[in-house]
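A closer look at the structure
Read off the chains here:
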Amino acid sequence: MRILALALLVSPLLAQDWRFPHSRHLEQGLDCRTCHSAAADSREAADNLLPDAQLCLACHNGQTAPEIDTQPLTDARTAERTYRFDHEFHLGLGDAAPLIAAAIDSGKYHGKPGDARRFLDGGNACTACHRGLEESVAVDSAAHMPKMGDCIVCHTRVDNPFSCKECHIEGVNLRPADHTREFIDTHATGRIELDKLSCLPCHGRNFPCMGCH
(Lines give C-alpha, C1' and ligand atoms only; values in the text may rest on other atoms or scores of the structure.)
Protein backbone atom coordinates (compact mmCIF):
# COMPACT_ATOMS: atom_id res chain seq x y z
CA MET A 1 0.00 0.00 0.00
CA ARG A 2 1.27 3.43 -0.86
CA ILE A 3 1.70 5.40 2.31
CA LEU A 4 2.18 8.97 1.27
CA ALA A 5 2.67 10.43 4.68
CA LEU A 6 5.73 8.35 5.42
CA ALA A 7 7.47 10.84 3.17
CA LEU A 8 7.17 13.24 6.05
CA LEU A 9 8.09 10.91 8.86
CA VAL A 10 11.53 12.44 8.72
CA SER A 11 13.50 14.18 11.39
CA PRO A 12 13.75 17.94 10.92
CA LEU A 13 17.34 18.85 10.15
CA LEU A 14 19.55 21.39 11.81
CA ALA A 15 20.31 24.35 9.55
CA GLN A 16 18.13 22.86 6.88
CA ASP A 17 18.24 25.05 3.77
CA TRP A 18 17.73 22.58 0.93
CA ARG A 19 14.61 21.98 -1.12
CA PHE A 20 12.93 18.65 -1.71
CA PRO A 21 9.67 18.43 -3.69
CA HIS A 22 7.69 15.64 -2.07
CA SER A 23 4.86 16.43 -4.49
CA ARG A 24 6.98 15.70 -7.57
CA HIS A 25 8.21 12.38 -6.20
CA LEU A 26 4.73 11.30 -5.14
CA GLU A 27 3.44 12.12 -8.62
CA GLN A 28 5.92 9.57 -9.96
CA GLY A 29 4.12 6.89 -8.00
CA LEU A 30 6.87 6.31 -5.44
CA ASP A 31 5.98 4.33 -2.35
CA CYS A 32 7.10 6.34 0.64
CA ARG A 33 8.05 3.19 2.55
CA THR A 34 10.92 2.83 0.12
CA CYS A 35 12.50 6.12 1.21
CA HIS A 36 11.45 6.22 4.86
CA SER A 37 11.37 2.56 5.80
CA ALA A 38 12.92 3.27 9.22
CA ALA A 39 9.75 5.05 10.35
CA ALA A 40 7.87 1.78 10.78
CA ASP A 41 10.28 0.61 13.51
CA SER A 42 11.14 3.98 15.05
CA ARG A 43 10.49 4.29 18.78
CA GLU A 44 12.36 7.51 19.53
CA ALA A 45 11.52 11.05 18.43
CA ALA A 46 15.23 11.70 17.91
CA ASP A 47 15.60 8.96 15.28
CA ASN A 48 16.89 10.12 11.90
CA LEU A 49 14.31 8.83 9.43
CA LEU A 50 15.74 10.33 6.28
CA PRO A 51 16.61 7.97 3.41
CA ASP A 52 20.15 6.83 2.80
CA ALA A 53 21.87 8.95 0.15
CA GLN A 54 22.60 5.86 -1.94
CA LEU A 55 18.88 5.24 -2.25
CA CYS A 56 18.42 8.64 -3.87
CA LEU A 57 21.33 8.04 -6.22
CA ALA A 58 19.67 4.89 -7.53
CA CYS A 59 17.42 7.20 -9.56
CA HIS A 60 19.39 10.45 -9.50
CA ASN A 61 22.24 9.01 -11.52
CA GLY A 62 22.14 11.48 -14.40
CA GLN A 63 20.16 9.08 -16.58
CA THR A 64 16.93 8.08 -14.86
CA ALA A 65 16.84 11.42 -13.05
CA PRO A 66 19.21 14.41 -12.79
CA GLU A 67 22.24 14.10 -10.54
CA ILE A 68 21.82 15.78 -7.16
CA ASP A 69 23.94 16.79 -4.19
CA THR A 70 23.21 14.29 -1.42
CA GLN A 71 25.53 15.92 1.11
CA PRO A 72 22.59 17.33 3.13
CA LEU A 73 21.46 13.77 3.75
CA THR A 74 24.94 12.63 4.72
CA ASP A 75 25.34 15.56 7.11
CA ALA A 76 21.83 15.33 8.54
CA ARG A 77 21.46 15.63 12.29
CA THR A 78 18.25 15.40 14.23
CA ALA A 79 17.03 18.63 15.77
CA GLU A 80 16.76 18.74 19.56
CA ARG A 81 13.50 17.26 20.78
CA THR A 82 11.35 18.37 23.68
CA TYR A 83 9.09 15.33 23.49
CA ARG A 84 8.98 11.55 23.19
CA PHE A 85 7.29 9.79 20.27
CA ASP A 86 6.99 6.17 19.14
CA HIS A 87 6.16 5.89 15.43
CA GLU A 88 5.97 2.10 15.57
CA PHE A 89 3.30 2.17 18.25
CA HIS A 90 1.22 4.91 16.67
CA LEU A 91 1.34 3.40 13.18
CA GLY A 92 0.11 0.15 14.71
CA LEU A 93 -3.00 1.90 16.02
CA GLY A 94 -4.29 2.60 12.52
CA ASP A 95 -5.80 5.72 10.99
CA ALA A 96 -6.43 8.61 13.40
CA ALA A 97 -7.82 10.85 10.65
CA PRO A 98 -11.50 10.15 11.43
CA LEU A 99 -10.94 11.04 15.09
CA ILE A 100 -9.13 14.28 14.28
CA ALA A 101 -11.70 15.20 11.63
CA ALA A 102 -14.53 14.59 14.09
CA ALA A 103 -12.84 16.79 16.68
CA ILE A 104 -12.49 19.61 14.16
CA ASP A 105 -16.04 19.23 12.85
CA SER A 106 -17.53 19.25 16.35
CA GLY A 107 -15.48 22.22 17.55
CA LYS A 108 -13.75 20.10 20.18
CA TYR A 109 -10.30 20.33 18.59
CA HIS A 110 -7.76 21.88 20.96
CA GLY A 111 -6.20 24.78 19.12
CA LYS A 112 -6.39 26.16 15.60
CA PRO A 113 -6.51 23.39 12.98
CA GLY A 114 -5.87 25.71 10.05
CA ASP A 115 -6.55 23.87 6.80
CA ALA A 116 -5.98 20.41 8.30
CA ARG A 117 -9.54 19.27 7.68
CA ARG A 118 -9.17 19.06 3.92
CA PHE A 119 -6.37 16.48 4.26
CA LEU A 120 -8.23 14.11 6.58
CA ASP A 121 -10.35 12.06 4.16
CA GLY A 122 -7.62 10.04 2.47
CA GLY A 123 -7.86 6.87 4.55
CA ASN A 124 -4.15 6.92 5.33
CA ALA A 125 -2.79 6.39 8.84
CA CYS A 126 0.18 8.68 8.25
CA THR A 127 -1.51 11.60 6.51
CA ALA A 128 -3.70 11.97 9.58
CA CYS A 129 -0.76 13.69 11.29
CA HIS A 130 1.62 14.54 8.44
CA ARG A 131 -0.49 16.53 6.03
CA GLY A 132 0.00 18.30 2.72
CA LEU A 133 2.88 16.26 1.32
CA GLU A 134 1.21 15.92 -2.05
CA GLU A 135 1.45 19.71 -2.38
CA SER A 136 4.87 20.20 -0.80
CA VAL A 137 7.71 21.63 -2.89
CA ALA A 138 10.18 22.15 -0.02
CA VAL A 139 10.97 20.49 3.29
CA ASP A 140 9.03 22.43 5.90
CA SER A 141 8.58 20.64 9.20
CA ALA A 142 6.50 23.51 10.62
CA ALA A 143 3.94 23.08 7.86
CA HIS A 144 3.73 19.28 7.76
CA MET A 145 4.47 18.06 11.25
CA PRO A 146 1.46 17.31 13.48
CA LYS A 147 0.04 19.93 15.82
CA MET A 148 -0.26 19.42 19.54
CA GLY A 149 -4.03 19.58 19.09
CA ASP A 150 -3.79 16.38 17.02
CA CYS A 151 -2.20 14.57 19.95
CA ILE A 152 -4.85 15.77 22.40
CA VAL A 153 -7.59 14.17 20.33
CA CYS A 154 -6.44 10.88 21.90
CA HIS A 155 -4.26 12.06 24.78
CA THR A 156 -7.15 13.90 26.39
CA ARG A 157 -5.71 14.54 29.85
CA VAL A 158 -4.63 18.18 29.94
CA ASP A 159 -3.65 19.19 33.47
CA ASN A 160 -0.86 21.71 33.05
CA PRO A 161 1.82 21.46 34.36
CA PHE A 162 1.33 17.91 35.69
CA SER A 163 0.35 16.20 32.44
CA CYS A 164 3.14 17.79 30.37
CA LYS A 165 5.69 15.17 31.39
CA GLU A 166 3.56 12.39 29.91
CA CYS A 167 4.84 13.39 26.46
CA HIS A 168 7.47 16.07 26.98
CA ILE A 169 10.96 15.48 28.31
CA GLU A 170 11.15 16.60 31.90
CA GLY A 171 13.20 19.73 32.47
CA VAL A 172 12.86 21.33 29.02
CA ASN A 173 11.54 24.87 28.73
CA LEU A 174 8.06 24.69 27.23
CA ARG A 175 7.06 28.29 27.93
CA PRO A 176 6.19 30.18 24.71
CA ALA A 177 8.38 33.17 23.86
CA ASP A 178 5.47 35.59 24.23
CA HIS A 179 4.86 34.53 27.85
CA THR A 180 6.95 37.39 29.22
CA ARG A 181 6.63 39.02 32.62
CA GLU A 182 4.35 41.64 31.06
CA PHE A 183 2.08 38.90 29.70
CA ILE A 184 1.98 37.15 33.05
CA ASP A 185 0.96 40.38 34.76
CA THR A 186 -1.77 41.34 32.28
CA HIS A 187 -3.19 38.20 30.67
CA ALA A 188 -6.04 37.87 33.16
CA THR A 189 -6.93 41.55 33.39
CA GLY A 190 -8.80 41.88 30.11
CA ARG A 191 -6.44 44.65 29.00
CA ILE A 192 -4.91 42.49 26.27
CA GLU A 193 -6.69 40.64 23.49
CA LEU A 194 -6.05 36.91 23.73
CA ASP A 195 -6.51 34.30 21.02
CA LYS A 196 -7.91 31.75 23.43
CA LEU A 197 -7.93 28.94 20.86
CA SER A 198 -4.14 29.05 20.84
CA CYS A 199 -4.13 28.50 24.61
CA LEU A 200 -6.07 25.22 24.49
CA PRO A 201 -3.28 22.77 23.54
CA CYS A 202 -1.31 23.56 26.70
CA HIS A 203 -4.03 24.69 29.09
CA GLY A 204 -7.13 22.78 28.01
CA ARG A 205 -10.68 24.09 28.25
CA ASN A 206 -11.06 24.00 32.04
CA PHE A 207 -7.68 25.26 33.15
CA PRO A 208 -7.61 26.58 36.75
CA CYS A 209 -5.42 29.54 37.66
CA MET A 210 -3.77 27.37 40.31
CA GLY A 211 -2.15 25.40 37.49
CA CYS A 212 0.43 28.18 37.24
CA HIS A 213 -0.10 30.31 40.32
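The rules we used
Residues numbered from 1 in each chain as written. Predicted model: local features only at pLDDT ≥ 70, side-chain atom pairs only at ≥ 80, totals over all residues. Heavy atoms only, no water. 1 Å grid on protein atoms, 1.4 Å probe; cavity = no way out; pocket = protein on both sides within 12 Å on 5 of 7 lines; lining within 4 Å. Points joined across faces, edges and corners; volume = space filled by probe spheres on them. Helix = DSSP H or I, 4+ residues; strand = E, 2+ residues; numbered from the N terminus. Salt bridge = Lys/Arg side-chain N within 4 Å of Asp/Glu carboxyl O. Buried < 20%, exposed > 50% of the residue type's maximum accessible area, 1.4 Å probe, protein only. Core = buried A, V, L, I, M, F, W, Y, C linked by side-chain atoms within 4.5 Å. Arc of directions from axis to C-beta. pLDDT = per-residue confidence, 0-100. Contact = heavy atoms within 4.5 Å. Disulfide = S-S within 2.5 Å. Polar contact = N/O pair within 3.5 Å; in protein donor to acceptor, adjacent residues only side chain to side chain.

So, on to the layout of surface pockets. A water-sized probe rolled over the atoms picks out the places where empty space is left. Looking at the second largest pocket, its volume works out to about 790 Å³. For the second largest pocket, the lining is made up of 33 residues, of which F20, H25, L30, C56 and H60 are closest to its centre. Breaking the lining of the second largest pocket down by element, the ones donating at least two residues are helix 1 (22-27), helix 2 (32-35), helix 3 (53-57) and helix 4 (71-74). Sort the elements by how many residues they give to the lining of the second largest pocket and helix 1 lands first, with four residues.

So, about the pattern of salt bridges. Within the structure shown, the criterion is met by ten salt bridges. For the salt bridge of D115 with R118, the shortest nitrogen-to-oxygen distance reads 3.4 Å. Of the residues examined, D115 reaches a relative accessible area of 44% and is grouped as partly exposed. Put simply, R157 and E166 hold a salt bridge, and the shortest N to O gap is 2.2 Å.

We now examine the nonpolar core. Membership of the largest hydrophobic core is limited to nine residues, which are A97, I100, A101, A103, I104, Y109, A116, L120 and A128. In terms of nonpolar packing, the next biggest core, distinct from the first, is built from five residues, A53, C56, L73 and A76 among them.

Because an α-helix packs 3.6 residues into every turn, residues spaced three or four apart end up facing the same way. Within helix 6 (residues 97-106), the full set of buried residues consists of A97, I100, A101, A103 and I104. Seen from one end, helix 6 has its buried residues packed into an arc of 160°, which puts them on one side. Opposite the buried face of helix 6, at more than 90 degrees from it, the exposed residues are P98 and D105. One or two steps after helix 6, the chain reaches G107, where phi turns positive at roughly 80°.

Another aspect to go through is the confidence of the model for the protein chain. Predicted confidence across the protein chain gives a mean pLDDT of 83, with 89% of residues reaching 70 or more. When the criterion is pLDDT under 50, residues 1-17 qualifies, and its contacts beyond four places in sequence or with other chains add up to 64 contacts.

Under the defined criterion, the tally for this structure stands at zero disulfides. Cysteine C35 shares no disulfide, and the gap to the nearest cysteine sulfur, in C56, comes to 6.3 Å. Given a relative accessible area of 28%, C35 falls into the partly exposed group. Sulfur of C154: no disulfide; nearest cysteine sulfur belongs to C129 and is 8.4 Å away.

With respect to the helices and strands, H130 occurs in the loop between helix 6 and helix 7 (141-144). Look at H130 and you get buried, because its relative accessible area is 7%. Measuring from C-alpha to C-alpha, the distance between H130 and A116 comes to 9.6 Å, with 14 residues separating the pair along the chain.

Considering the arrangement of structural elements, one finds R131 in the loop between helix 6 and helix 7. Among the polar contacts listed, one links the side chain of R131 to the side chain of D150, at a separation of 2.9 Å. For R131, the contacting residues outside a window of four places in its chain are I100, A116, F119, L120, A143, H144, K147 and D150.

Relative to the helices and strands, A53 resides in helix 3. For the pair A53 and P72, spaced 19 residues apart in the sequence, the C-alpha separation amounts to 8.9 Å. Not counting residues up to four positions away in its chain, the partners in contact with A53 are T70, L73 and T74.

Moving on: the side chain of T186. Looking at the secondary structure, you find T186 in helix 9 (residues 181-186). With relative accessibility at 13%, the residue T186 sits in the buried group. Here T186 is in contact with R191 and I192, once residues within four sequence places are set aside.

For the peptide bond that leads from N160 to P161, omega is 5°, which places it in the cis range. By secondary structure assignment, the location of P161 is in the loop between helix 8 (148-152) and helix 9.

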